[in-house]
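Descriptive structure summary
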Amino acid sequence: MPPPPPPSRRTFLQLTGLSAASVALGVSAPASADATPGRPVPSGAFALGVGSGDPRPDGFVLWTRLAPDPLAADGHGGMRVDRVPVQYEVAEDERFRRVVRRGLALAMAELAHAVHPEVSGLRPECEYFYRFRAGNEISPVGRTKTLPVHGSRFSFATASCQAWYHGYFPAYRDIARRAPDAVFFLGDYIYEYGIVAGGNLWRQGVSVAPEHEVEIETLEQYRLRYSLFKTDPDLQAAHAVAPWLNSWDDHEVQNNYGADNSIYGVPPELFVHRRAVAYRAFYENLPIGLGSLPKGPDTQVYRRYDVGSLARLNLLDNRQYRDPVPVDDADQQSEKRTILGAQQEQWLYDGLRRSRATWNVLAGGVVLTAITDDRIEQWDGYPANRRRLLAAMRDAAGPSVMLTGDIHRHVAAELKADFADPDSPTVGVELVCSSIGSDGDGADTDRYAKDWLQHPYVKFYNARRGYVHTTLTRSELTAEFVNFPYIEADANAEPRVVASFRSPADSPRLEAL
Amino acid sequence: MNRPPAITHLTGSGQISSITLDWKPVSWATVADHYAVYVLNAGSFELLGKTVYPHFVHRGLGFTGVPRTYRVVTVDAAGNRSKPSAPAAATNLTSVTVSGVPVATVGAFDGKGSELALSPNGYASYPTRFPSDVDYTFGTSTPAADWSYLLPGPADRWAESKSHRARFRFELAAVPEQDLDLALWLIDSHASLAGSAVLSVNGTEVERLTFANGATKGSLIADSTYPGSPLKPSYLEKPLPRSLFRAGQNVLELFKDNGSWIAYDALGIYARE
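- You'll find chain B entered in an unreviewed UniProt entry as Rhamnogalacturonan lyase domain-containing protein, with Kribbella turkmenica given as the organism.

- The name given to chain A in an unreviewed UniProt entry is Alkaline phosphatase, with the source organism recorded as Kribbella turkmenica.

In structure tokens:
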């Protein structure tokens, strides 16, 4: 009797319970796939580090990208076009004596040899350790944590705006030391600008090759820019210490873009091609789930996580669906105007209305608090959308916590139901984190401070680099604003807690500690 | 290797100093890293540049028309390369500054605005230096004193957010026997609000000139020619019917009632040989 014919690829995948997409996109591999690469994996393949993200009570997404030569100009990190099997292990202990999951994913050139294994079936609110192996190469060990089912305490850091060329990242060194339960990244993970010595290259003691000196546009250039930023050891350490929740702002594509509109005169029918490769590189280089893989120029990065009943986390996309820059005041004041887009607005309001969590956390992008009408890039440019969101916050059972970045300044503000009425209820607080690197050393104050501090609901302003560390409990929120005296000279500046606030869960407001 | 598809419908069109290529991109089913654009040079195709857009402008071609042949290769996300597209040919236009005879000019057609008033960065002084806007007489006025390097528009707060005009006066001994040509070269313009201006000759409106968006750097930098200059120069050349002109003094006017500033390289009236 002749042997049966081998199963077709589709049949084989069905038998293994895997989708073709998950195999092709570096999430998994057929159970029988050979873990041995077809040729030796170059040494130093894990030069871009490891990470985890999108945590759930029973798992998370793991990430790494094989790149033995991270700054190879073609954006492929020194890898050839072959598929490379990447093994991963998840353990309860740092020495991997209690391994609870093992798996395999295929790293492919189509995704710059990034893998995004999705691990499930784990215990809630537990610390786990993970590592990868490709051929004889073994990655650094990462630490991550599942979300709780109930939850009594949840700590996180917020970070944004990491212009590598403006300085070092001592903030990430400190975040790695504190090992929070999660890290929110709120946008501007990369910048698209050319990096020019004597111009914007303020990080002392480094130089860049000519391919970094131009504004990026192609997929290979976006990949290379992520690689350049990710060579920073403190950024890698922060990725390896906690699950990240990545949102984005404009510089992941181009300064001040919105939807398919470039402010630099690129017509929309052309600009979508740039958006497509920029979104692709975002997915490839960050620990986010397959649901955020772009389809052409479109993707969905707004998403939600529940930290038990302690907090509902809403990651927002304030770029992909926003209306264009207003043409006049009437346009700016239009009731139809939206920064989130109709679908995301409805999703968010539904989520707030149904939430029974103690805290509703909203994260990503630009400042919500009313500051000045000419700050049209922020929610100030979308006042009707802000009114709708504040109404939804007011109607929600629990107070809201808005986490934003963008402005390269620390700001703490109370969210008023009506910013024009100082006596209106406070519906939540906004914690704006300064930049990790953008704008270099900075100073404690600057010429913009008066715009912000003119408002009674703005409680704090600081113009140095840093991050915010926040802890949520059933009864209160505490937030520490951490900054650094310098970042341009080296990565060794010591952290300073420059302000601390408390907000009671039953009466949201900012009380200085 | 799985080759991605090649692009189709490659076309080229010539402008002054540049050739613009357009093509139909591959479908979204192919994740394109970029398109590699090649130009035929001495019998072989050389890489000219890479772009993510189905559009490419070959710049810096000089001011005398030269035919060129192009083709495009698709490079996908895995680094695979398509077969080359079918070739397309195009020729850049010859400028009237090459083919014509100068009648009256202000500034040198050299990619720099440094010989003009307020250059390279004195725009804030425009309202006090030119309270009645620019009124320049060829043969009498001097570029360094009388022709502002920028022509502001109503979008410019530093120029009082209003429309501005530039008048250029020159003598003709007689009505020309053939049409004349205008050459208006810019070293740069505002990146998103270059806008437009109304062109008039002797009080007759000729047409509205629309300016290409630049890089918003020409208000601070005067030279578009050095390697790596961030400026985005552009070139406008228009025929001017002979019936517009008269013997004696003639006045050409640019009325910038739309958008933001433009930064001059030079302006000139040319006769045809």
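1. Considerations on the UniProt feature "domain: Rhamnogalacturonan lyase" (unreviewed entry) in chain B
- UniProt records the feature "domain: Rhamnogalacturonan lyase" (unreviewed entry) for residues 106-267 of chain B in the present numbering.
- Secondary structure over residues 106-267 of chain B splits into 5% helix and 39% strand, and the C-alpha atoms at its two ends are 5 Å apart.

2. A look at the domain arrangement of chain B
Residues and elements named next belong to chain B.
- Per the domain assignment, the segments of chain B are domain 1 (8-91) and domain 2 (96-272).
- Computed over C-alpha atoms only, the centres of domain 1 and domain 2 are separated by 32 Å.
- Listed as interface residues are five residues of domain 1 and, on the opposing side, five residues of domain 2.
- Taken over both partners, the interface formed by domain 1 and domain 2 buries close to 470 Å², and the fraction arising from carbon and sulfur atoms is 71%.

3. Some details on the side chain of glutamate 430 of chain A
Residues and elements named next belong to chain A.
- Structurally, glutamate 430 can be placed in strand 18 (residues 426-432).
- Despite being buried, glutamate 430 has no salt bridge partner; arginine 386 is the closest side chain of opposite charge, sitting 7.5 Å away.
- Glutamate 430 has contacts with Val366, Val367, Leu368, Thr369, Met402, Thr404, Val411, Ala412, Ala413 and Leu415, leaving out every residue within four places of it along the chain.

4. A look at the packing of aromatic side chains
- Tallied over the entire structure, the rule returns 40 aromatic pairs over all chains.
- Aromatic pair tyrosine 189 of chain A and tryptophan 244 of chain A: ring centres 6.3 Å apart, planes at 70°, arrangement edge-to-face. Of this pair, tyrosine 189 of chain A sits in the loop between strand 11 (182-185) and helix 4 (219-230) while tryptophan 244 of chain A sits in strand 12 (residues 243-246), and the two are 55 residues apart along the sequence.
- One aromatic cluster is present, formed by Tyr136, Phe138, Trp147, Phe168, Phe170, Phe245 and Tyr264 of chain B through successive ring pairs.
- The ring of phenylalanine 169 of chain A is capped by arginine 203 of chain A, whose NZ or CZ atom sits 5.0 Å from the centre of that ring.
- The aromatic ring of tryptophan 347 of chain A is capped on one face by arginine 304 of chain A, whose charged end is 4.1 Å from the ring centroid.

Cut-off values and rules
- Each chain has its residues counted from 1, following the order in which its sequence is written.
- Whichever chain is written first is A, and whichever ligand is written first is 1; the rest continue in order.
- Note on the predicted model: pLDDT of at least 70 is required for a residue's local features to be given, and 80 or more for side-chain atom pairs to be given and counted; whole-chain, interface and lining totals, by contrast, use all residues.
- Calculation of side-chain values draws on the structure's entire complement of heavy atoms; hydrogens and water are dropped beforehand.
- UniProt positions are given in the numbering used here, feature names are shortened, and annotations may be inferred rather than shown by experiment.
- Helix and strand definitions follow DSSP, with helices as H or I runs of at least four residues and strands as E runs of at least two, each counted in order from the N terminus.
- Here the limits of each domain have been adopted from an automatic or database domain assignment.
- Every residue pair with non-hydrogen atoms within 4.5 Å of one another is taken to be in contact.
- When two parts are put together, the accessible area they lose, computed with a 1.4 Å probe and summed over both, is reported as buried area.
- Three labels apply to residues, based on accessible area from a 1.4 Å probe with only protein chains included: buried if under 20% of the type maximum, exposed if over 50%, partly exposed otherwise in between.
- Positive charges come from Lys and Arg, negative ones from Asp and Glu, while His and the chain ends are left out of the count.
- By definition here, a salt bridge exists when the distance from a side-chain nitrogen of Lys or Arg to a carboxyl oxygen of Asp or Glu is within 4 Å.
- Only rings of Phe, Tyr and Trp enter the pairing, Trp through its six-membered ring, and a pair is recorded when the two centres are within 6.5 Å. The plane angle decides the type: under 30 degrees is stacked, over 60 is edge-to-face, the rest tilted.
- In our convention, an over-ring charge means Lys NZ or Arg CZ found within 6 Å of a ring centre and within 35 degrees of that ring's normal.

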